[in-house]
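Fold and geometry: a report
In case you want the letters, here they are:
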Amino acid sequence: MGDYTVVEICAGAGGQSLGLDRAGFKHVLAVELDPTAAATLSLNKPKWDVRIGDVADPDVWQPSDFSPENSGEPISLFAGGVPCPPFSIAGKQLGTEDERDLFAWAIEQVSVLRPRAVLLENVKGLSQARFAAYRQHVLDRLHEFGYEAEWRLLNAADFGVPQLRPRFVLVAMEPESFAHFHWPHGKTKHRSVGQVLKALMARDGWEGASAWAKSANRIGPTIVGGSKKHGGADLGPTRAKAAWAALGVDAKGVADAPPQPGDTFEVGPRLTLDMVKRIQGWDDREFKWQFEGRKTSVYRQIGNAFPPPVAKALGESIKAAIEKSAPMREESLVQNHADAFVKTLKEADGFITGEQIMKRSELTVSDADFDRRMAAIEKDFHVEITLASGGRPAYRLGEFKGFLGQADHKRHVYIQTQRSRIS
């Protein structure tokens, strides 16, 4: 093949962008809502086509412009890190009810772009039972478009990043390529915060750097970029601050400079932006990157990013599958997270009772669990309920509630009125 091309949406400050670039993918387009993050992309990659604005706004870009019919050949990869708040455990997990949700919309663009592969990542919350119906919708749509797909929960710590950062990743490909796809293997030994930051802590001559690094001998909690709605740069909520304190880090803010000779601390030193970059996977060698903006903006760009080493590993695995240089995978390795309960309801011809759902899906759940599952499904789908013979309720799954590109969707008003507050 020639160039391996990528269209990336919700690119942020370029964590995934840089990783894919190092894996050999050439960006033909990157779209980002935040102007400062987009400026960071352009600073590091001045020749890239970086578009600023709402990714679902046709005035910003037209997916059809990058389709095989208009560009001459399919792009190799359609990638992105769509907004996390709709699925975040730290939030309300509103899913389709959250105006920021773009996951289902992104899936619809696959039918237009017809890429050889798809890579979308999000927070761990999307893997929970609450979103079983949402995930099934994604798998079913990709199957309709002719793609095989699989979800996997990856942890950045397994790829040399000294941070507990689980991400739920979706990879989809045309069947002949997917047969060669293997999830990248992480490292067997994690790197600690002390190992990664010792040199930066000692940079200005602080005598305590070696002792500090020795005690900071574990991976750190997830770096949280935070929202524009809230204050300045700090390392997360109360539990995260306590975890950082156990590593000898004052997490109540970000320092302007490393510790100086003679400095002493009640808890420990604060991290600088350069240190936070290292914890997120950027370095001064393979993953070198500069940032535009003021301190708090830079911190948010770093904290909201996908770690470049993880993106590189995924890019290499996807590339090997596309060129079929990787061996065929065993069918038993496929874990597409299909939900038998949801799938049975979706495939029913007409109304179906709870007893019929249980029998066809071969599941045994309590009445309370059944009610919880149905309540979760109703958050993302319209569900009709009627009474069957004997007065038993029967259910029929209706339309998906999420944003798919509808011109009259409430999301458009939200973006127009709240754009300056959206991270």
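Note that the structure is a prediction, hence the values are computed from the model and not measured.

So, the packing of aromatic side chains
- Tallied over the entire structure, the rule returns 16 aromatic pairs.
- With 5.0 Å between their ring centres and 80° between their planes, Phe87 and Phe131 make a pair best called edge-to-face. In this pair, Phe87 sits in the loop between β4 (77-80) and α4 (103-113) while Phe131 sits in the loop between β5 (117-123) and α5 (132-144), placing the two residues 44 residues apart along the sequence.
- Judged by its relative accessible area of 0%, Phe131 falls in the buried class.
- Between Phe370 and Tyr395, the aromatic rings sit 5.7 Å apart at their centres with planes inclined by 55°, giving tilted as the arrangement. Here Phe370, found in helix α15 (residues 367-380), pairs with Tyr395, found in strand β10 (residues 393-400); they are 25 residues apart in sequence, far enough to count as distant. For the pair Phe370 and Tyr395, one class covers both residues: buried.

Concerning the sheet that holds strand β8 (residues 352-353)
- In spatial order, the strands read β8-β10-β9; together these 3 strands make up an open sheet with antiparallel pairing. A strand with exactly one partner marks an edge of an open sheet, and here the two such strands are β8 and β9 (381-387).
- In this sheet, β10 lies alongside β9 in antiparallel orientation, the contact comprising 6 bridges. From the neighbouring strand, Ile385 faces β10, where its bridge partner is Tyr395.

Considering the sheet that holds strand β3 (residues 50-52)
- Spatially, the 7 strands line up as an open sheet ordered β3-β2-β1-β4-β5-β7-β6, and their pairing is mixed. Every other strand in the sheet has two partners, leaving β3 and β6 (148-155) as the edge strands with one partner each. Between one strand and the next, the sheet's axes are offset by a mean angle of 15°, whatever the strand orientation.
- Across 8 bridges, the pairing between β6 and strand β7 (residues 166-173) is antiparallel. The partner of Arg152 across the bridge, within β7, is Val169.
- Those strands touched by α5 are β6 and β7, and its axis lies near 140° from that of β6.

Thresholds applied
Residues numbered from 1 in each chain as written. Predicted model: local features only at pLDDT ≥ 70, side-chain atom pairs only at ≥ 80, totals over all residues. Heavy atoms only, no water. Phe/Tyr/Trp six-rings, centres within 6.5 Å; stacked < 30°, edge-to-face > 60°. Helix = DSSP H or I, 4+ residues; strand = E, 2+ residues; numbered from the N terminus. Buried < 20%, exposed > 50% of the residue type's maximum accessible area, 1.4 Å probe, protein only. Pairing = 2+ DSSP bridges. Axes fitted to C-alpha atoms, helices over the stretch in contact; angles between N-to-C directions. Contact = heavy atoms within 4.5 Å.

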